[in-house]
Amino acid sequence: YYDELGKTLGEALLAPTKIYVKALKHIKASGITLKACSHITGGGFYENVPRMLKEGMGVEIDTKAFPKPPIFDLIQKNGDIYNVFNMGLGFVMAVDPADVEKVQVALNEINEPSYVVGKVTETGQVDVQW
C-alpha cells in the first residue's frame with residue numbers, strides 16, 4: 001500500500017485503460033472538426049504523437065499543463081518516463097486554435113477533463129518541456 005497512491009501498487013498498475021470513444025463522439029456531435037488525434041500508449045509521447053502529424057511537423061508539449069498521477073513519481077525514479085509512459089495523458093487531439101475553447105466546453109459537458117498541453121510546430125520533432 002502506498003499512501004501517495006491511496007491503494008496498493010498492484011491496484012494502481014492494473015487500473016483499466018480509459019476509453020475515449022464517448023469524448024470523441026461528443027466532440028463530433030458538437031460540430032467540431034479535429035485535425036488529428038493520438039492515443040498515447042506504449043512508446044509514450046515520442047513515438048505516438050508524430051503519427052498524427054504531417055511529415056516535417058513537430059509539437060511542443062508542456063508537462064506542467066496537466067496533472068501527473070502519483071504512480072508516475074514512483075516509476076520516474078527508474079528512467080525517462082515520457083519516452084515510455086503516457087504520464088496520465090492518455091489521448092491528445094490537435095485542433096484549430098479557434099476551436100480549443102469549443103472542444104473544452106464540449107468535454108466539460110460530459111465531465112471529461114481537458115488541458116491545453118502544447119502546440120504543433122514546424123520543427124519535425126516532439127519537444128517535451130519539463
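Above this text sits the structure in question.
To start, this report covers the structure provided alongside it.

**Some thoughts on the sheet that holds strand β4 (residues 118-121)**
Working step 1: The strand order β4-β2-β5 describes an open sheet built from three strands, whose pairing is mixed. Each having just a single partner strand, β4 and β5 (126-129) make up the two edges of the open sheet. Ignoring which end each strand starts from, the neighbouring axes of this sheet average 15° apart.
Working step 2: Across four bridges, the pairing between strand β2 (residues 58-62) and β4 is antiparallel. Paired with Gly58 across the strands is Thr121, a residue of β4.

**Side note on the pattern of salt bridges**
Close approach of charged atoms allows side chains with opposite charge to pair.
Working step 1: Using the criterion set out here, one finds three salt bridges in the structure.
Working step 2: The partner of Glu112 in a salt bridge is Lys18, with the nearest N and O atoms 2.5 Å apart. Of the two residues, Glu112 is situated in the loop between α6 (100-109) and β4 and Lys18 in the loop between α1 (9-13) and α2 (21-29); the sequence distance between them amounts to 94 residues.
Working step 3: Note on Glu112: relative accessible area 17%, which makes it buried.
Working step 4: Under the relative-accessibility criterion, Lys18 is labelled partly exposed at 37%.
Working step 5: The salt bridge partner of Asp99 is Lys102, with a shortest N-O separation of 3.2 Å.
Working step 6: Since its relative accessible area comes to 46%, Lys102 is described here as partly exposed.

The rules behind each value
Along each chain, residues carry numbers from 1 onward, in the same order as the chain's sequence is written. Local features are withheld for residues below a pLDDT of 70 in this predicted model, meaning they are given only at 70 or higher, and side-chain atom pairs are given and counted only at 80 or more; totals for whole chains, interfaces and linings count all residues. Where side-chain values are given, they derive from all heavy atoms of the structure, hydrogens and water being excluded. Strands are labelled as partners when DSSP assigns at least two bridges between them. Each helix is a run of H or I in the DSSP string that is no shorter than four residues. Each strand is a run of E no shorter than two, and both are numbered from the N terminus. Axis definition: a line fitted to C-alpha atoms, limited for helices to the stretch in contact. Angles are taken between N-to-C directions and run from 0 to 180 degrees. What counts as a salt bridge is simple: a side-chain nitrogen of Lys or Arg found within 4 Å of a carboxyl oxygen of Asp or Glu. Partly exposed describes any residue whose relative accessible area lies between the buried limit of under 20% and the exposed limit of over 50%, with all areas from a 1.4 Å probe on protein chains only and scaled to the type maximum.

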